[in-house]
Amino acid sequence: MKLPAPLMPGEHGAWAVVFVPLLVGASLAGRVTSAVLWLALAVLSVVLCYVPAQMMLRAACGAAPDSNKAAARFWGTVYFTAGVLFVLPLLVQGRWALLEIGGLAILLFLANFFLTRRRGKTIISDLLATLGLTLSAPSGYYVVTGRLDLTAAWIWLLNFLFFGGGMIYVHMKLAATATKKAHLSLQEKLRLGGLNLAYHVFALAVVAVLAVSHGTTLFAVIAFVPMTLHALYGTLKLSTRVNFRRLGLVLLWQALLFALLLGRSARAGSEGSSAPNPSPRLPAAGAAVLPAVGDLPARIAAARPGDTLWVAPGIYRGNLHLDKKLALLGLGKPVIRGSGTGSTVLITADSCVFQGFVVEHSGRMLVHEDAGILIKSHHNCVADNELRDVLFGIYLFHSHDNLVMRNHISGRAELEMGERGSGIHLWNSQRNRLIANRITQARDGFYIQNAHHTWLEGNEVFNLRYGVHYMYADSNVFLRNRFYDNVAGAAIMYSRGIHLRHNDFLHNRGFASFGILFQDCHDSVADSNVIADNAVGLFFEASTNNRFRHNLIARNDIALQMFQNSERNTFSENNFVDNLNPLLLVGKRTLSAWSANGRGNYWSSYDGYDLDHDGIGDLPMKIQNVFDYLEGRHPHLRLYLYSPAAQALAAAAKAFPLIAVNREMDEHPLMRPVALRGHGGNRLR
């Protein structure tokens, strides 16, 4: 049996309208994962189904010969089956909302089909098609983040506005060609291009409003500028002669530039960004001091946007809600005592200041984000507050560009660790600055999920589970923080582009305790940190392309614990001092680099020599310990970690290397310790 010829879409521009939004959605989610590849293959199959489905519908309506039905049925089945197979891995990952997106795409396809059949190809029918094709944008965002939220909605809107503009521009060109005139007057150009100009101005205005209201970034506005300028130029230069191949290439380059600029909006504020200004802008004293007793919520309700309210010392009972731009400043640390349900202070207006209070007695429901201070707006300053008897301390919920500084947060010590909230919790919140806060007795000090470009500086976190816990949070910086006496100083998971500089990770001990845990973490930099007196200094699993330099890793039971799937990590000019075991390797080797540019690391256990006095040992440093080798196969031997027998075994293995522990070695070990950049004094206290 001879197979019918493959059925392919004739509208070549449709490929760009599908796949550019998909890449934009994935890049705005912060990463491109294998799920994006499965989605791209599934989307390809769906687009290929378009022609067979259209042919079968026409045949069913009697508008196409039956001879086409067999080919349409065959290739429709092939494409549909492929789409189902490609989407299955995503459904296994729990991305069931893809079925809802697919259902919406089918409805838009049917609307486009019947409208085209009745009236032919019109701007309205093509806009419906564009609306359906650009559903790949929120789909790309969804398969990475697992969320269909407002961000997914505006990603869809931006892509629809952009590609809809290209479609209207093409219709203008077609209308000009249909006039068959040798020359068009300015009046005729404006008549033919009026809709084109109006649409592009409207689209730019919508994006600008989104940027002003913090729904998107300035780069999104910039992404629409080339398209708008091209629409203006194309209208003024409108001609009846059109090179559609050249026009297609121009529109393709515009689409790629659009994707690049929107992708840049997801990376703004990463490495290279300067340190933020740590001082909040406080309003001048203008309003009268509120009495120590009275109805504070009523005073807030009566205030006008932009007012400054100075609050006298005292205890103010009940929850507060800042739903307009206000500065609420405490004198002598007045106490805001919550009702015991919900969040004690809720901020839903932009550009508020809340400073100088004691906040206590929040609700107890983790699922309701009950917090001392819950922020659901942007550009706020929360400073110099003391939070106690709260579930979450300060919770930023889809809240951007806030400054949270010099707050002291103490959670509920009477609760089990898993029943507490985090000290400062960020969810889907971008470009926030968390500076000089002190956190204890919470579950995690900082919990940062889907929150990119966050700046943490000068914070002190102790006596809790994880000092800082990253989940799907990229391009963040933490600088000069102290994390000590926790289960883990930092847990960096499923994140990329994290920069750690001049931090202390100290005294993190207990079962499965770490100075820093890297789980599926990539392209990060750790420079000039102190990781000391931990059960495990640095832990790596499925983490690649990270760089570690000028760090002090000292007095840990195990300096490094690495799984074999952690590859292409580079360690250079670090100091490994007085660790009981330098490396516990799970697997055969890691493909990590233990030196860069001819300079390795300083190892206090290195007993080689330097005959040429160049500061680099003449013999490689074997990064191994026979006791680790035995412990990896018999974990109960860890009971004897500090025993004389373990030390004797290590000495014997060095003298008689009969057991091949691993093949990791530093080819260029340093003879002298490396000074940590920007540090002085003893930081191991």
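See above for the structure.
If you're wondering where the values come from, they're calculated on a predicted model, not measured in any experiment.

Which residues make up the overall build of the protein, and what values go with them?
Secondary structure summary: the protein contains 14 helices and 40 strands in total. Put simply, the protein has 685 residues, and 52% of those count as buried. Here the contacts in the protein between residues at least 6 apart in sequence split such that 57% fall between residues at least 24 apart. Total accessible area on the protein is roughly 30800 Å²; 62% of this is exposed by carbon and sulfur atoms.

Got a sec to walk through the packing of aromatic side chains? Specific residues and values, please.
Here the structure, examined in full by the defined rule, presents 27 aromatic pairs. Considering the side-chain rings of Phe-478 and Phe-483, the 6.1 Å spacing of their centres and the 90° angle between planes classify their relative orientation as edge-to-face. Here the two residues Phe-478 and Phe-483 agree in accessibility, since each one is buried. Through pairs of rings, three or more aromatic residues link up here, namely Phe-518, Phe-540, Phe-548, Phe-571, Phe-576, Trp-594 and Trp-603. Seen from the ring of Tyr-142, Arg-95 lies directly overhead, with NZ or CZ sitting 5.8 Å from the centre. One Lys or Arg, Lys-376, reaches over the ring of Phe-397 and ends 5.0 Å from the middle of that ring.

Talk me through helix α3 (residues 50-60); I want residue IDs and the actual numbers.
Every buried residue of α3 is accounted for by Val-51, Pro-52, Gln-54, Met-55 and Ala-59. On an axial view of α3, the arc spanned by its buried residues comes to 165°, and they lie on one face.

Before we move on, could you go through the packing of helix α2 (residues 34-48) against α3 and cite the residues and values that matter?
Orientation of α2 relative to α3, taken along the N-to-C sense of each, is 30°, at an axis distance of 4 Å. Between α2 and α3, the angle is such that the two are roughly parallel. Residue-level contacts link Val-46, Val-47 and Leu-48 of α2 to Tyr-50, Val-51 and Pro-52 of α3. Its residues placed into classes, the contact of α2 with α3 shows 6 nonpolar, no polar and no charged.

Go over unusual backbone geometry, please, and point to the residues and values.
Leaving glycine out, the prevailing phi sign among residues is negative, and the prevailing peptide bond configuration is trans. Even without a glycine there, the phi angle at Ser-528 is positive, about 60°. Secondary-structure assignment places Ser-528 in the loop between β29 (525-527) and β30 (530-532). Of note in this structure, Arg-568 is not a glycine but carries a positive phi near 60°. Here Arg-568 lies in the loop between β34 (558-563) and β35 (570-572). On the basis of relative accessible area, Arg-568 is assigned to the partly exposed category, the value being 45%.

Summarise the sheet that holds β34; cite the residues concerned and give the values.
Across the sheet, 12 strands lie side by side as β4-β7-β10-β13-β16-β19-β22-β25-β28-β31-β34-β37; this open sheet has parallel pairing. Where the open sheet ends on each side, the last strands, each with one partner, are β4 (320-322) and β37 (581-586). Here the average twist between neighbouring strands, direction ignored, is 10°. As paired strands, strand β10 (residues 371-375) and strand β13 (residues 392-397) are joined by 4 bridges and run parallel to one another. Paired with Leu-374 across the two strands is Tyr-395, which belongs to β13.

Could you give me a rundown of α2, with the residues and numbers involved?
In this model, α2 (15 residues) spans 22 Å end to end at C-alpha, consistent with the 21 Å of a helix rising 1.5 Å per residue. Taken together, the buried positions of α2 are occupied by Ala-35, Val-36, Leu-39, Ala-40, Ala-42, Val-43, Ser-45, Val-47 and Leu-48.

Before we move on, can you summarise the pairing of strand β2 (residues 308-311) with the specific residues and values?
Each regular strand shows side chains that alternate between the opposite faces of the sheet. Judged by which residues are buried, β2 turns out to be covered on both faces: Thr-308 and Trp-310 on one side and Leu-309 and Val-311 on the other are all buried. Bridge count for β2 against strand β5 (residues 327-330) is 4 bridges, and the pairing is parallel. Pairing of Thr-308 across the sheet is with Ala-327, part of β5.

Calculation notes
- Counting of residues starts from 1 at the beginning of each chain's written sequence and follows it residue by residue.
- Given that the model is predicted, a residue must reach a pLDDT of at least 70 before its local features are reported, and side-chain atom pairs must reach 80 or more before they are shown or counted; all residues, however, enter totals for whole chains, interfaces and linings.
- Neither water nor hydrogens contribute to the side-chain values; these are computed over all heavy atoms in the structure.
- Here a helix means four or more residues in a row that DSSP labels H or I, a strand means two or more in a row labelled E, and each is numbered from the N terminus.
- Residue burial is assigned from relative accessible area. The probe radius is 1.4 Å, only protein chains are included, and a residue is buried under 20% of its type maximum, exposed over 50%, and partly exposed in between.
- The contact rule is simple, with two residues in contact once any of their heavy atoms fall within 4.5 Å.
- Computed by Shrake-Rupley with a 1.4 Å probe, the accessible areas treat only the displayed protein chains as cover when residues are assessed.
- Here a pair means two rings of Phe, Tyr or Trp (six-membered ring of Trp) with centres within 6.5 Å. Their orientation is stacked below 30 degrees between planes, edge-to-face above 60, and tilted elsewhere.
- Two conditions define a charge located above a ring, namely a distance within 6 Å from the ring centre to NZ of Lys or CZ of Arg, and an angle within 35 degrees of the ring normal.
- The arc refers to the directions leading from the helix axis to the C-beta atoms.
- Simply put, an axis is a line fit to the C-alpha atoms, just over the touching stretch for a helix, and the angle between two N-to-C directions goes from 0 to 180 degrees.
- Every angle not falling under 35 degrees, over 145, or within 65 to 115 is termed oblique; those three ranges are roughly parallel, roughly antiparallel and roughly perpendicular.
- Three categories are distinguished: nonpolar for Ala, Val, Leu, Ile, Met, Phe, Trp, Tyr, Cys and Pro, charged for Asp, Glu, Lys and Arg, and polar for the others, with Gly belonging to the last.
- At least two bridges found by DSSP between two strands are what make those strands a pair.
- By definition here, a helix of n residues has an expected span of 1.5 Å times n minus one.

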